[in-house]
Protein chains: 2
Amino acid sequence: MSIKDEFQFIQKISPKELFHTNLRVGIGDDAAVLQTEENYEQVVCMDTMIEGIHFTKQTMRPFDIGYKSLAINISDMAAMGAIPKFYLVSIAIPTSWNETEILTIYEGMDAIAQRYKMDLIGGDTVSTKNDLVISVTVIGEVEKGKAVLRSQAKPGDIVFVTGTLGDSAAGLHLLLHKCSDFPHHDYKFLISRHQRPSPRVNVGRIVSQLGRASLNDVSDGLASELNEIAEASGMTIVIHKKFIPLSQSIKNFSDDVIYNWALTGGEDYELVGTISPIHFKELKKKCEKEGVPITEIGEVHPPQSDFVIIERDGRHEVLNKNGYNHFKKGD
Amino acid sequence: MSIKDEFQFIQKISPKELFHTNLRVGIGDDAAVLQTEENYEQVVCMDTMIEGIHFTKQTMRPFDIGYKSLAINISDMAAMGAIPKFYLVSIAIPTSWNETEILTIYEGMDAIAQRYKMDLIGGDTVSTKNDLVISVTVIGEVEKGKAVLRSQAKPGDIVFVTGTLGDSAAGLHLLLHKCSDFPHHDYKFLISRHQRPSPRVNVGRIVSQLGRASLNDVSDGLASELNEIAEASGMTIVIHKKFIPLSQSIKNFSDDVIYNWALTGGEDYELVGTISPIHFKELKKKCEKEGVPITEIGEVHPPQSDFVIIERDGRHEVLNKNGYNHFKKGD
């Protein structure tokens, strides 16, 4: 697609109705103008997806690309305990993509935006020579002082994770390799976990209201996220391999492969965090009410020489950002 | 450059000191958290620059690429009458760029950020296969109700423009073509207008305090910006060719070429707007104090059948987004 009339294109993607009345100026001027709420703080994040790196036409349909590009930013809001409200989209479009495909990308974004009552308020569209690039900025809000940071883990905290891990990597594997005899239901589940992640905004909101906690979303893999929390908090985290929550569908693969995906696959967009045992009880009850599985996988210890330790079959091993320590060679 | 350790890279680009104490969380968590000021509204914009489209290694050095990628977003703030405060950067890095070049891009951004006291608060870095892509989001603020919109032109308003027009296109021409006998001083001036645009935040601020006005920044060319103002305001704008401000340096080219650049070249990042004659007097005085040239180039009329008319040598012609009407064929 070449952008002959950006104005007409913008008309097509501009929302017809807005959720938020505190938006003074949306799409159509040099910038958007928002009124902010008293007693709230603004939360802002920005994430990019690139053709050939994060997706190809083989692994994702245009609708999914749009859906996921916004979902991964909403997931950052969830990890802050914030409510997502507005988004801006900058899209670089190569000639190899036609207008229908591009509009379908925006429909995918709109689908998840509707669910979270988010308004598209700006961005830009430019031509490019090679790969499609989508950058999304999301603006949300959280009550003053209630943002959940990754630096707040304390000794005695329980380490928890929502949902199941490794599914997204398993789904990508299925998309990239012909696995013709794979059970149909499991195939569908795993690829949908890769293509349409469900950010855990409701869990983030519950955590933010409970008091001190630390929180990350699982974009780069559990091992990486836990290391970030431990490092930012100056603590050591111990997790137990047998407690890592796995879906039934992933169990079609061998154990080695499963745990590699669960620890380092990433893109599950679940939440991982730490919270005091008393608050964990309450969190678990509230998550059950919301229908979100939440699992205790470990505990926070005073700082030792390593940030993250994984216990498996009684043995303790260092878990660094890229996985088990002995996996690290040849990285 | 391949991003082996994003964490280390982020450490290198993270600001050591912050200008704004209302930033609660900056780089290093899932999102940034800002406290907003009472009586202010937030202004947000997002713009992207792509290798091979907006720049090449031939036309821009890494420092310039960074400088300009932030400058064009600051220019959007200027066009809203807002004060730029924070920025987020999402950069997609191909292996053909080394770390020094990438860090120099951030230095270029930092140079203009320092000038406007802006803090880098987030974004992301990803690998890509082909072209370097930089998306920048800028967040600023403006007093409640004072944002300057493009829809506010009224009959009788004076149409004004800051600085001179066409220089950026002339600079790009010089960068792309060998013009060995071009006067050195003029060469330097014109390419610096292309590589390091000066957003007119001070003029935007003056306009926002004066009362009703309309305002755009010249990113796509005077013809396009005037059409946007006229269309958004439902008015007709008449400008006079002989009043279009030109630099001495551009006068090395022929008249036809000059006016084509001035009207449609774009990327000058000057401000164009409309304001009542009384307020224009005050605006002009204040701009003179700031050392910013400002020129009256036309006036706003009640709506006629065309949005923008250009008068040259007594004849009136329609000026559409792409230039003179008879230029449109073969677009």
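All values derive from a computational prediction rather than experimental measurement.

What counts and what doesn't
Residue numbering note: each chain is counted from 1, following its sequence as written. Both sets of labels track the order of writing: A upward for chains, 1 upward for ligands. Selection of residues for local features in this predicted model requires a pLDDT of at least 70, selection of side-chain atom pairs for listing and counting requires 80 or more, and totals for whole chains, interfaces and linings are taken over all residues. To get the side-chain values, take all heavy atoms of the structure and skip hydrogens and water. Residue ranges for the domains originate in an automatic or database domain assignment. Contacts are residue-level and defined by heavy atoms, with any inter-residue pair within 4.5 Å sufficient. Note on definitions: buried area is the accessible-area loss of two parts on being combined, 1.4 Å probe, summed for both. By definition here, a salt bridge exists when the distance from a side-chain nitrogen of Lys or Arg to a carboxyl oxygen of Asp or Glu is within 4 Å. Between N or O atoms, a polar contact is any pair within 3.5 Å; within protein, one atom must be a potential hydrogen donor and the other a potential acceptor, and residues adjacent in sequence are included only when both atoms are from side chains. Every helix listed is a DSSP run of H or I at least four residues long, and every strand listed is a run of E at least two residues long, numbered separately from the N terminus. Two strands make a pair as long as DSSP finds a minimum of two bridges between them. UniProt positions are given in the numbering used here, feature names are shortened, and annotations may be inferred rather than shown by experiment. Think of it in three bands: residues with accessible area under 20% of the maximum for their type are buried, residues over 50% are exposed, and the middle band is partly exposed, with areas taken using a 1.4 Å probe on protein chains only. Stacked, tilted and edge-to-face are the three classes assigned to paired rings of Phe, Tyr and Trp, where Trp is represented by its six-membered ring and a pair needs centres within 6.5 Å; plane angles under 30 degrees give stacked, over 60 edge-to-face, the rest tilted. Note on geometry: axes are C-alpha line fits, over the in-contact stretch for helices, and angles between N-to-C directions span 0 to 180 degrees. Orientation categories follow fixed angle ranges, with anything under 35 degrees roughly parallel, anything over 145 roughly antiparallel, 65 to 115 roughly perpendicular, and all other angles oblique. Here is the rule for handedness: rotate from the far helix to the near one, and if that takes an anticlockwise turn smaller than a right angle the crossing is left-handed, while a clockwise turn gives right-handed. Note on residue classes: Ala, Val, Leu, Ile, Met, Phe, Trp, Tyr, Cys and Pro are nonpolar, Asp, Glu, Lys and Arg are charged, and everything else, Gly too, is polar.

Caption draft 1: Spatial organisation of the domain arrangement of chain A. Residue and element names in this part refer to chain A. Assigned domains within chain A: domain 1 (6-143) and domain 2 (158-327). Domain 1 and domain 2 are separated by 26 Å when their C-alpha centres are compared. With 23 residues of domain 1 at the interface, the matching set in domain 2 holds 20 residues. For the pair domain 1 and domain 2, the two sides together bury roughly 1900 Å², of which 53% comes from carbon and sulfur. Put simply, domain 1 and domain 2 have three salt bridges between them. For K68, the salt bridge identified is with E267, shortest N-O distance 2.4 Å. At the boundary of domain 1 with domain 2, the tally comes to ten residue pairs in polar contact (both at pLDDT 80 or more).

Caption draft 2: Representation of the interface of chain B and chain A within the structure. On the chain A side, the residues contacting the 56 residues of chain B number 56 residues. When chain B packs against chain A, the two sides together hide about 4500 Å² of surface, and 54% of this comes from carbon and sulfur. Summed over the three residues of chain B that lose the most area to chain A, namely D30, V44 and M46 of chain B, the buried surface amounts to 16% of that side. Summed over the shared surface of chain B and chain A, the result is six salt bridges. The salt bridge partner of D30 of chain A is R150 of chain B, with a shortest N-O separation of 3.0 Å. Inspection of the region where chain B meets chain A yields 25 residue pairs in polar contact (both at pLDDT 80 or more). Sorting the residues of the side of chain B that touches chain A by element identifies β1 (23-25), β2 (32-35), β3 (40-50), α2 (62-80), β4 (83-93), β5 (119-127), β6 (133-143) and β8 (213-217) of chain B as the ones contributing at least two each. Considering every element that reaches the side of chain B that touches chain A, the biggest residue donor is β3 of chain B, with ten residues. Inspection of the sheet shows strand β3 (residues 40-50) of chain A paired to β2 of chain B by four bridges, in the antiparallel sense.

Caption draft 3: Structural view of the UniProt feature "binding site: Mg(2+) 4" (unreviewed entry) in chain A. Cross-referencing UniProt, the feature "binding site: Mg(2+) 4" (unreviewed entry) maps to D30 and D76 of chain A in the present numbering. Spatially, the listed residues are scattered: they cover 47 residues, and their C-alpha atoms lie as much as 26.2 Å apart. Its place among the elements puts D30 of chain A in the loop between β1 (23-25) and β2 (32-35). Excluding residues within four positions of it along the chain, D30 of chain A makes contact with C45, D76, A79, M80, R150, L215, N216 and D217 of chain B. A distance of 3.0 Å separates the side chain of D30 of chain A from the side chain of R150 of chain B, its partner in a polar contact. The residue D76 of chain A is located in helix α2 (residues 62-80) in this model. The exposure class assigned to D76 of chain A is buried, which follows from its relative accessible area of 7%. With near-sequence residues (within four places) excluded, D76 of chain A lies in contact with C45, D47 and D217 of chain A together with D30 of chain B.

Caption draft 4: Quick look at the UniProt feature "binding site: ATP" (unreviewed entry) in chain A. Residue and element names in this part refer to chain A. Following the UniProt record, one finds the feature "binding site: ATP" (unreviewed entry) at Y106, G123, D124, R150 and S219. With a sequence span of 114 residues, these residues are also far apart in the fold, their greatest C-alpha distance being 31.8 Å. Residue placement: R150 occurs in the loop between β6 (133-143) and β7 (158-162). Residue classification places R150 among the buried positions, given a relative accessible area of 10%. One polar contact links R150 to E228, side chain to side chain, over a distance of 3.0 Å. Secondary-structure assignment places S219 in the loop between β8 (213-217) and α7 (222-233). Owing to a relative accessible area of 22%, S219 belongs among the partly exposed residues under this scheme.

Caption draft 5: Region of interest: the packing of aromatic side chains. Throughout the structure, instances matching the rule amount to eight aromatic pairs over all chains. Ring centres of F182 of chain B and F253 of chain B lie 5.2 Å apart, and the angle between their planes is 35°; this geometry places the pair in the tilted category. Here F182 of chain B, found in the loop between α4 (167-176) and α5 (184-195), pairs with F253 of chain B, found in the loop between β9 (236-240) and α8 (255-264); they are 71 residues apart in sequence, far enough to count as distant. F253 of chain B shares its class with F182 of chain B; the two are buried. Members of the aromatic cluster, joined through ring pairs, are F182, F253 and W261 of chain A.

Caption draft 6: Molecular detail of the packing of α2 of chain B against helix α3 (residues 99-115) of chain B. Residue and element names in this part refer to chain B. At a minimum axis separation of 6 Å, α2 and α3 run at an interaxial angle of 40°. Looking at the two axes, α2 sits oblique to α3. Considering only the axes of α2 and α3, their crossing is right-handed. Side by side, α2 and α3 meet where P62, F63, I65, G66, Y67, S69, L70, A71 and I74 of the first sit next to E101, T104, I105, E107, G108, M109, A111, I112, A113 and R115 of the second. Here the contact of α2 with α3 is composed, by residue class, of twelve nonpolar, four polar and three charged.

Caption draft 7: Local environment of the sheet that holds β1 of chain B. Taken in spatial order, the six strands line up as β5(A)-β4(A)-β6(A)-β3(A)-β2(B)-β1(B) in an open sheet, and their pairing is mixed. One side of each edge strand has no neighbouring strand; the edge strands of this open sheet are β5 (119-127) of chain A together with β1 of chain B. In this sheet, neighbouring strand axes are inclined to one another by 20° on average, regardless of whether the strands run parallel or antiparallel. Together, β3, β4 (83-93) and β6 of chain A together with β2 of chain B form the strand contacts of α2 of chain A, whose direction differs from that of β3 of chain A by roughly 145°. Most of the contacts of helix α3 (residues 99-115) of chain A go to β4 of chain A, to which it runs at about 170°, and overall it touches β4, β5 and β6 of chain A.

Caption draft 8: Summary view of the side chain of E267 of chain A. Note that E267 of chain A resides in the loop between α8 (255-264) and β10 (271-275). For E267 of chain A, the residues in contact, after removing those within four places along its chain, are K68, S168, R193, H194, V218 and S219 of chain A.

Caption draft 9: Fine view of unusual backbone geometry. One non-glycine residue, D313 of chain A, lies in the positive phi region at around 50°. The backbone of N39 of chain B sits at a positive phi, close to 70°, despite the residue not being glycine. For N39 of chain B, the location among the structural elements is in the loop between β2 and β3.

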